[in-house]
Amino acid sequence: MAIALFHSFGLRRLHSRQHLFIRASSSAAAIENPENAPQSPTTAAAAAPPSFFPKRGQTVELVCESLAFKGKGLCRVAETGFVVMCDRALPGERFLGRVTRRKGSYAEGTWDLILKHGSDFFLKDVVVRAYRRDLVQVRFSNDDPEFATVMKSIVPCDIHFHYRNKMEFSFCTKKWLPRDSVVGVQDLDETGYALGLHAPGFFDKVLHIGSCLLQNEAANRVLAVVQDCWRDPQLGLSPYDVHSHAGFLKHLMLRTGRDIETGLPELMVNFVTSSYEPKLLKHLVEKVSAIPEVVSVINNVNSSVGNTSVGEVEYILYARLVLTPPLRWRRDLHLMVIQMVQPPFTRKEVQSIIIGSIDLSAGRNSGTRSSIQIREIGDSVSSPHRPLRRVERYVYPQVEFNDEGEGEGGGGVETQGVEAEVLYKLIEDFSGLKGDGSEIILDLFCGTGTIGLTLARRVKHVYGYEVVPQAISDACRNAELNGIHNATFIQGDLNKIGDDFGNNFPKPDIVISDPNRPGMHTKLIKFLLKLRSPRIVYVSCNPATCARDLDYLCHGMGWVEENARDAKNEGENEQ
Ligand SMILES: C[S@@+](CC[C@H](N)C(=O)[O-])C[C@H]1O[C@@H](n2cnc3c(N)ncnc32)[C@H](O)[C@@H]1O
């Protein structure tokens, strides 16, 4: 995760006041696009004569330079410098790899045999490379002395395992075995069915997983219970077959939150199925709901042939009281509602679920909980005529926070929660609020409004934009639940903004942009360039698109258009 802060636009160079802050993430970083892999004149890659291009199936000695797009190692053939993108390669490693595919100016390969281990891998170095002029078409130069001062240190992420609060496993008719796996180590079952994670590059093959190092121990117990029984022929359950489109079970999604009082994990289990047949799931529901940490079991029905995990309709099969904790440094802000459910099983019963919110901040101070709001779910979440949709957001927030600190001690702290909290605090710091409540904030890609809402009480108004309508209703609901009246959330596609975008809100003092991996659309960047807002905080989960967007924001887009014109002219001249 990276945050970049910019104070002004159209600069050819970065000023020392401008900071680029990198937040370490333990997940594989997607850094550079292989299409933009280094092809500078100093390397042999671009200039290599065709005979130097390795052939498909050829084994070559490779040196890994850095991590690139989708966590692949950007490697070079030791002799020629030709670029080969390899899974599992780590920076600094020298190894034997096999070329599996040629893709224009580079190839893809597999990692086969280590020859020399690499040095320690530094995320900062990887992120810096995303901004280097010779690696991608980004005009932050290494020669620029100010660039070094702009890059801030990595904030380390100390916990590398059991940190994820959401895991999605797939049911599959085809078990995938890694090439180097020893037969017998895998859980071989005569059905060949699997529940686990997709093999890289395969939508129809799944690596069967008994226990996953990324999720916590309670989630692993749920996984183990499901693994233990779902293939029992007596239950009549079948995995969905992505080719024939037959079968029932599609995905098992596990989300972890935390009990506000005990700090212990709370789990939501979501079975994604191709049809609504609660009787078929009854045994699984009984088994998983017997696990103390499981607070809800959801059935997400997705009858489409696609294999996405978002269903058309969601049913609650089991649930009990869920509380979501406030932010550590903001005990007055609760970002999610509480769901109180007596296990209903039919769609009709779901309509009578009660949603409430408890103001725990006052409770903390006074020793008692101050108020309980109870609301029928039908009033704003779902009408009696519509099935309840996207329930999980009401059970667990998009971002979860732990409640440690303030002398309560740590212990079992969930990294994702800690990380989110650190990130949100950094955004607040980088926003540089004056504290006089005068500022306007534009929260782009606001999701359920969490970033804007953490700032709302210290500013004049927050305007949030987001494409998903349900997220917008959640954002409004979050504002309402927290008694925040100076936040406006608007549904809209930021890739399709018109010339009138900006007419509906005053000029913002601070823009916060938190796009997903593809980054910001050029239309939005042009809007921001024209807007000339004094401060932008850019939160990114993809350094490559972040570098590109920051380049545009700092240097303008004129040169991109010039390049496009030149390329077009060249193309026309060649014809
Ligand atoms: C990285 S998330 C940020 C969420 C939010 N800022 C938060 O902290 O929870 C990116 C958000 O952008 C939204 N999004 C993706 N494409 C969009 C688009 N074209 N227009 C508006 N929002 C979009 C996604 O739905 C998602 O909520």
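Cut-offs applied
Position labels on residues start from 1 in each chain and follow its written sequence. With pLDDT at 70 or above as the cut-off, local features in this predicted model cover only qualifying residues; side-chain atom pairs require 80 or more to be listed or tallied, and sums for whole chains, interfaces and linings still use all residues. UniProt positions are given in the numbering used here, feature names are shortened, and annotations may be inferred rather than shown by experiment. Every helix listed is a DSSP run of H or I at least four residues long, and every strand listed is a run of E at least two residues long, numbered separately from the N terminus. Here, residues touch in the contact sense if the C-beta positions derived from the backbone fall within 7 Å of one another. We treat two strands as partners when DSSP finds at least two bridges between them. Note on method: axes are straight lines fitted to C-alpha atoms, helices fitted across the in-contact stretch only, with angles between N-to-C directions ranging 0 to 180 degrees.

If you look the protein up in an unreviewed UniProt entry, it shows as TRAM domain-containing protein from Acorus calamus.

Caption draft 1: Geometry of the UniProt feature "binding site: S-adenosyl-L-methionine" (unreviewed entry) in the protein. Per the UniProt record, the feature "binding site: S-adenosyl-L-methionine" (unreviewed entry) sits at Phe 445, Glu 466 and Asp 514. Spatial clustering of the annotated residues is evident: they stretch over 70 residues in sequence, but the largest pairwise C-alpha distance comes to 10.3 Å. By the element assignment, Phe 445 lies in the loop between β19 (440-444) and α10 (450-456). Within the fold, Glu 466 resides in strand β20 (residues 461-466). Setting aside chain neighbours within four positions, we find Glu 466 in contact with Phe 445, Cys 446, Gly 447, Ala 471, Ile 472, Ala 475, Phe 489 and Gln 491.

Caption draft 2: Structural context of the sheet that holds strand β14 (residues 294-301). Reading across the sheet, the 7 strands line up as β11-β10-β9-β12-β13-β14-β15 and stay open at both edges, with mixed pairing between neighbours. The open sheet is flanked by β11 (206-208) and β15 (313-319), the only strands paired with a single partner. Taking the axes of each pair of neighbouring strands and ignoring which way they run, one obtains an average angle of 30 degrees across the sheet. With 9 bridges joining them, strand β12 (residues 249-258) and strand β13 (residues 265-273) adopt antiparallel strand pairing.

Caption draft 3: Main features of the UniProt feature "active site" (unreviewed entry) in the protein. As recorded in UniProt, the sites labelled "active site" (unreviewed entry) are Cys 541. Within the element layout of this structure, Cys 541 appears in the loop between β23 (535-540) and α13 (543-555).

Caption draft 4: Fine view of the sheet that holds strand β5 (residues 83-86). Pairing is mixed in the closed barrel, where 5 strands are placed in the order β3-β4-β5-β7-β6. With direction set aside, neighbouring strand axes in the sheet form an average angle of 50 degrees. Looking at chain direction, strand β6 (residues 94-103) and strand β7 (residues 106-116) are connected through 9 bridges and run antiparallel. Pairing of Arg 101 across the sheet is with Glu 108, part of β7.

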